[in-house]
Amino acid sequence: MNVGVCRINFRLHENCSLKGKRQVVKSITGRVSSRFNVAVAEVDDHDLWQSITLGICCVSNSKRHSNEVLSRVVDFITKSHFEAEMLDYEIELISV
């Protein structure tokens, strides 16, 4: 079993409330999880209005497939016009 984990950091430039942040998080997580069949959750920066850290997980029988899925997720988020700017990301592949 292979697990692919991706951590993505975002910046919300014009956000002024946690309610606004929740709307953006819900939009990103809903679209990504339904389109790619991966698990998505906010994993850090819960109380910061202008910062989002998402964790994305994919379980597969090959490292290559997990890496491809997570790379497509990152490309999708980069090309989509969400209200958040992607600052950086990292992908880690774990064999269990």
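Keep in mind that this is a model prediction, so the values were computed, not measured.

Undergrad: Quick question: what am I supposed to make of the sheet that holds strand β2 (residues 39-44) here?
TA: Strand pairing in a sheet is mediated by backbone hydrogen bonds. Such pairs are either parallel or antiparallel. Pairing is antiparallel across the open sheet formed by four strands, whose spatial order is β2-β3-β1-β4. Taken across any chain shown, the strands that pair with only one partner, and hence form the sheet edges, are β2 and β4 (85-95). Going from strand to strand, the sheet's axes swing by 20° on average, the running direction of each strand aside. Judged from the 10 bridges that link them, strand β1 (residues 2-11) and β4 form a sheet pairing that is antiparallel. The residue bridging G4 from the neighbouring strand is L93, located in β4. Set on the sheet, helix α1 (residues 18-36) makes contact with β1, β2 and β3 (51-60); between it and β3 the angle comes to about 15°. Seen against the sheet, helix α2 (residues 63-79) touches β1, β3 and β4 and runs at an angle of roughly 170° to β4.

Undergrad: Would you explain a nonpolar patch on the surface in this entry?
TA: A contiguous nonpolar patch, built from M1, V5, V59, I94 and V96 and spanning about 460 Å² of accessible area, is present on the exposed surface. In this fold, M1 is placed in the segment before β1.

Undergrad: Explain α2 here, please?
TA: Residues spaced three or four apart along an α-helix face the same direction, because each turn holds 3.6 residues. The terminal C-alpha atoms of α2 lie 24 Å apart, and with 17 residues this matches the ideal 24 Å at 1.5 Å per residue to within 8%. Turning to α2, its buried residues are S66, V69, L70, V73, V74, F76 and I77. The buried residues of α2 all sit within an arc of 160° when viewed along its axis, so they share a single face. Counted as exposed and oriented over 90 degrees from the buried face of α2: R64, T78 and K79. The inward-facing, buried residues of α2 abut β1, α1, β3 and β4.

Rules and cut-offs
Residues numbered from 1 in each chain as written. Predicted model: local features only at pLDDT ≥ 70, side-chain atom pairs only at ≥ 80, totals over all residues. Heavy atoms only, no water. Pairing = 2+ DSSP bridges. Helix = DSSP H or I, 4+ residues; strand = E, 2+ residues; numbered from the N terminus. Axes fitted to C-alpha atoms, helices over the stretch in contact; angles between N-to-C directions. Contact = heavy atoms within 4.5 Å. Patch = residues over 30% accessible without salt bridge, like charges linked within 9 Å, V, L, I, M, F, W, Y side chains within 5 Å. Areas by Shrake-Rupley, 256 points an atom, 1.4 Å probe, with all protein chains shown as cover. Salt bridge = Lys/Arg side-chain N within 4 Å of Asp/Glu carboxyl O. Expected span 1.5 Å × (residues − 1). Buried < 20%, exposed > 50% of the residue type's maximum accessible area, 1.4 Å probe, protein only. Arc of directions from axis to C-beta.

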